[in-house]
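Chain residues, written in single-letter form:
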Amino acid sequence: MAELTYREAVSRAIAQEMERDETVYFIGEDVAAAGGVFKTTEGLLERFGPRRVRDTPISEQAIVGAVMGGAMNGLRPIAEIMFSDFFAVCWDMIANQIAKTRYMTNGQVALPLVIRTANGGGVRFGAQHSQSVEAWAMAIPGLKVVVPSNPTDMIGLFAAAVRDPDPVIVVEPKALYAMKADVPDGEIVDRLGAATVLREGSDVTICVLGSMVHRAMDAAERLAADGIGAEVIDVRSLVPLDTQAILASTTKTGRFVTVEESPRLCGWGAEVASIVAEEVFYDLDGPVVRITTPHIPLPSTDALEDLAIPSPDVIVERVKASMG
Amino acid sequence: MSKAVRSRSDKPRTDEAVRLEIYRMMVEARLFERRVHDLFLQGLVKGTSHLALGQEAIAAGYAAVLQPNDLVYCTYRGHVHTLLRGAPMAALMAELLGRANGICGGKGGSMHLTDVSKGAMGSYAIVGAHMPIAAGAAWAAKERETGQVVVCFFGDGTTNIGAFHEALNFAVVWELPVVFVCENNLYMEYTPIRSVTAVENPAADRASAYALEPILVDGNDPDEMHAVARRTVDLARSGDGPSLVEARTYRHGGHSRADPAKYRPEEEVAEWVARDPIPSLRERLIADGIDATTLDEIDRAAERVVDDATAEAQAGPPPDRSTLLTELWADGGSEWRN
């Protein structure tokens, strides 16, 4: 065991995979010499050299297009898109090209590639550098999407993503980069499509993702003090989705809540809630509850951003209200 | 015609066998696309189709110089490039007809013809998208030291989209073995390219912005086209980085099957049809001593090839219903949940 920050876990994750497989390359803006604008990739250039760890121009279409073409011709490349908001300028590459090419060619083209990106709010960057875009990605058939909520998951899920034969978007909550946690020594390899029950409880299932995991855990602690047993499920992987874990917990508790750091409409929780409603409706003891940001762009100032993103207070309050 | 450098340095002349092969490829491509058009009018080819009638010399010139492991990326006007890369004609025709024996099992269609086994890495239907992807394939070729060259064909309209500029800069900075070939047929869909572009030659006049030699070639001259292909592919293969070629050409028909192309002056159409690369090469070959009967035999053989491919394609069944849900993922399926 060693204590690692999330940002250190990112570089350890990339290094673990580059060490193992010489066809793994890593490119992006300011990722090599500068070590990443969030310092998530420090030391990789020195360790793996300027061919395998490489700075690009500010050309998101070229970056994502290059890893697609590279994957078509024998590499297992990793691209960093500095802020997930920038997906909007290379969305053709992701949504039209990477996601669809295998299907359109009836399986002729394999795209073993990873796009990792800093996502979400909580760091006062304003509306164009704070979005949670995981729902954009999960809406496109052909993309796998994972959101690690702690350093160990970052390494394990990232390794699973690199080793996966399909394109995977790794969404890193930038509010968690400074988070520290004990991480096991040695190689860590997880699998895609497995949710984790972080805390058991019998009264309500709280389904969470990314930075909201920690707020939900705080809320669960406080709910416990009031005699409410909250079961917290870290979804971790939106595609593939571990619906069985979610449905089993909901069947047990009879109540289902999502906490999402994204605007209300079409957040990931809407899809999960619809599955719950369709498949275990008669096991529910009350209405499904979605806790999201309001349907607005995120404001910059802390006074307003903190109002927008679900807090432990809000989670406690909404859960209690839903239980009557 | 242009401030750009015209390519004329590419002698010696292509040898006879290669010229006959280029002739054969152009004739097969022409007859194939005419058949596609006929089948479209019969309602058998659905959706849309973008024909390259009149533009065949460009794809043929490159096809004649590429090695088996080289890679080609093309656009939704990509029937000819895919065919001349070696994709089986019957499987291409079957794809256009939406049959199970189609090259993509009916999932791709006219705008997405692909045969990875032949290095035909796909036809891309979002303008410009394949340019960064082609650069990426060239990046992998360079890093893996495979000796491959990547050729990326695109239209004149592409020169005004961001991906064009991102890909060129990227390919030059990383010194990638890729040749970008602009097929300037003078119209971006329905609009004259000149009327929406800041420069006269939409690709060649941009070359200097990326420290590239401006190369402007008559895309309807099969000999010149082959010479430029030879030179630019050799440059890429020898490690001298990317090239940007602008080949002037003209499509005999409209943008797509929906377009009668009435926006083009009749005299302009007549002038370009008179410069059709196939009769031009035929006349030259005869003038250079090739027997007309040799060329006639190539023509007849091409007709048989197209007839046979059409029959084979039409004999195929529609895709099995189960294939709707296959090949989204590498495990062969499309499941997203447990």
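Residues numbered from 1 in each chain as written. Chains lettered and ligands numbered in written order. Predicted model: local features only at pLDDT ≥ 70, side-chain atom pairs only at ≥ 80, totals over all residues. Heavy atoms only, no water.

**Q** Residues and numbers for the overall build of chain B, please.
**A** Each helix and strand in chain B was counted, giving 10 helices and eight strands. Relative to the globule expectation of 20 Å for 338 residues, the C-alpha radius of gyration of chain B, 20 Å, shows essentially globular dimensions. By principal-axis analysis of the C-alpha atoms, chain B measures approximately 55 × 50 × 40 Å. Relative to its 338 residues, chain B shows a buried fraction of 57%. Taking as baseline every contact in chain B between residues at least 6 positions apart, the subset at least 24 positions apart corresponds to 74%. For chain B, the accessible area works out to roughly 13,200 Å², and carbon and sulfur atoms hold 53% of it. The positive charge centre, built from 35 side chains, and the negative charge centre, built from 48, are 2 Å apart in chain B. (Helix = DSSP H or I, 4+ residues; strand = E, 2+ residues; numbered from the N terminus. Rg over C-alpha atoms; globule rule 2.2 N^0.38 Å. Buried < 20%, exposed > 50% of the residue type's maximum accessible area, 1.4 Å probe, protein only. Contact = heavy atoms within 4.5 Å. Areas by Shrake-Rupley, 256 points an atom, 1.4 Å probe, with all protein chains shown as cover. Lys, Arg positive; Asp, Glu negative; His and termini not counted. Charge placed at Lys NZ, Arg CZ, Asp CG, Glu CD.)

**Q** Which residues make up the nonpolar core, and what are the values?
**A** One finds B:Tyr73 and B:Phe180 to be the most contacted residues of the largest nonpolar core, which totals 121 residues. Here this core gathers at least three residues from each of two domains, domain 1 (2–183) and domain 2 (196–322) of chain A. Judged by nonpolar contacts, the second largest core, of 44 residues, contains B:Met25, B:Leu51, B:Ala94 and B:Ile298. (Core = buried A, V, L, I, M, F, W, Y, C linked by side-chain atoms within 4.5 Å. Domains from an automatic or database assignment.)

**Q** How would you summarise the side chain of A:Arg236 if you had to cite specific residues and measurements?
**A** All names here are of chain A. With respect to the helices, strands and loops of the structure, arginine 236 is situated in the loop between β11 (230–234) and β12 (237–239). Under the relative-accessibility criterion, arginine 236 is labelled buried at 4%. Residues within four places of arginine 236 in sequence aside, it is in contact with Val145, Val146, Val147, Asp153, Leu157, Asp190, Arg191, Ala194, Ala195, Thr196 and Leu209.

**Q** Requested: an account of the pattern of salt bridges, with residues and values cited.
**A** The tally for this structure, following the rule as stated, stands at 39 salt bridges over all chains. A:Arg124 is the salt-bridge partner of A:Glu305, the closest N and O atoms lying 2.8 Å from each other. Placement of A:Glu305 in helix α11 (residues 302–308) and of A:Arg124 in the loop between β5 (114–119) and α6 (134–138) is noted, with a sequence separation of 181 residues between them. In this structure, A:Asp153 and A:Arg236 form a salt bridge, with 3.1 Å as the shortest nitrogen-oxygen distance. Placement of A:Asp153 in helix α7 (residues 151–163) and of A:Arg236 in the loop between β11 and β12 is noted, with a sequence separation of 83 residues between them. Within this structure, B:Arg19, B:Asp221, B:Asp223, B:Arg284 and B:Asp288 form a network of salt bridges that share partners. (Salt bridge = Lys/Arg side-chain N within 4 Å of Asp/Glu carboxyl O.)

**Q** A description of the pairing of strand β1 (residues 71–75) of chain B should follow, citing residues and the corresponding values.
**A** Residues and elements named next belong to chain B. Among the five residues of β1, five are classified as buried, and the element is accordingly described as predominantly covered. A two-sided burial pattern is seen for β1, the buried positions comprising Leu71, Tyr73 and Thr75 on one face and Val72 and Cys74 on the other. Across three bridges, the pairing between β1 and strand β3 (residues 150–155) is parallel. Within β3, the position partnered with leucine 71 by the bridge is valine 150. Sheet topology places β1 next to strand β2 (residues 120–124); three bridges connect them, and they run parallel. Opposite cysteine 74, over in β2, you have serine 123 as the bridge partner. (Pairing = 2+ DSSP bridges.)

**Q** Account for the packing of aromatic side chains, with residues named and values stated.
**A** All names here are of chain B. Applying the stated criterion across every chain, the model contains 19 aromatic pairs over all chains. Ring centres 5.4 Å apart and planes at 50° place the aromatic pair tyrosine 187 and tyrosine 263 in the tilted group. Placement of tyrosine 187 in strand β5 (residues 187–188) and of tyrosine 263 in the loop between β8 (243–248) and α8 (266–273) is noted, with a sequence separation of 76 residues between them. On the accessibility criterion, tyrosine 187 (6% relative accessible area) is buried. (Phe/Tyr/Trp six-rings, centres within 6.5 Å; stacked < 30°, edge-to-face > 60°.)

**Q** Just give me the short version of the domain arrangement of chain A, but keep the residues and values in it.
**A** Residue and element names in this part refer to chain A. Assigned domains of chain A: these are domain 1 (2–183) and domain 2 (196–322). Between the C-alpha centres of domain 1 and domain 2 the distance comes to 26 Å. Listed as interface residues are 23 residues of domain 1 and, on the opposing side, 25 residues of domain 2. Taken together, the two surfaces of domain 1 and domain 2 that pack against each other cover about 1,900 Å², and 58% of this comes from carbon and sulfur. Residue arginine 124 is joined to aspartate 306 by a salt bridge in which the shortest nitrogen-to-oxygen separation is 2.7 Å. At the junction of domain 1 with domain 2, the criterion picks out 13 residue pairs in polar contact (both at pLDDT 80 or more). Elements that contribute at least two residues to the side of domain 1 that touches domain 2 include exactly α6, β6 (144–146) and α7. (Buried area = accessible area lost by both parts, 1.4 Å probe. Polar contact = N/O pair within 3.5 Å; in protein donor to acceptor, adjacent residues only side chain to side chain.)

**Q** Could you give an account of the packing of helix α1 (residues 16–41) of chain B against helix α2 (residues 56–63) of chain B, with specific residues and numbers?
**A** Residues and elements named next belong to chain B. Packing of α1 against α2 brings their axes to within 9 Å, and their N-to-C directions diverge by 135°. Relative to α2, the element α1 is oriented oblique. Of the two elements, α1 crosses α2, and the hand of that crossing is right-handed. Here α1 contributes Ile22, Met25, Met26, Ala29 and Arg30 to the contact with α2, which in turn contributes Glu56, Ala57, Ala60 and Ala63. Its residues assigned to classes, the contact of α1 with α2 comprises seven nonpolar, no polar and two charged. (Axes fitted to C-alpha atoms, helices over the stretch in contact; angles between N-to-C directions. Parallel < 35°, antiparallel > 145°, perpendicular 65-115°, else oblique. Left-handed = near helix turned anticlockwise from the far one by under 90°. Nonpolar A, V, L, I, M, F, W, Y, C, P; charged D, E, K, R; others polar.)

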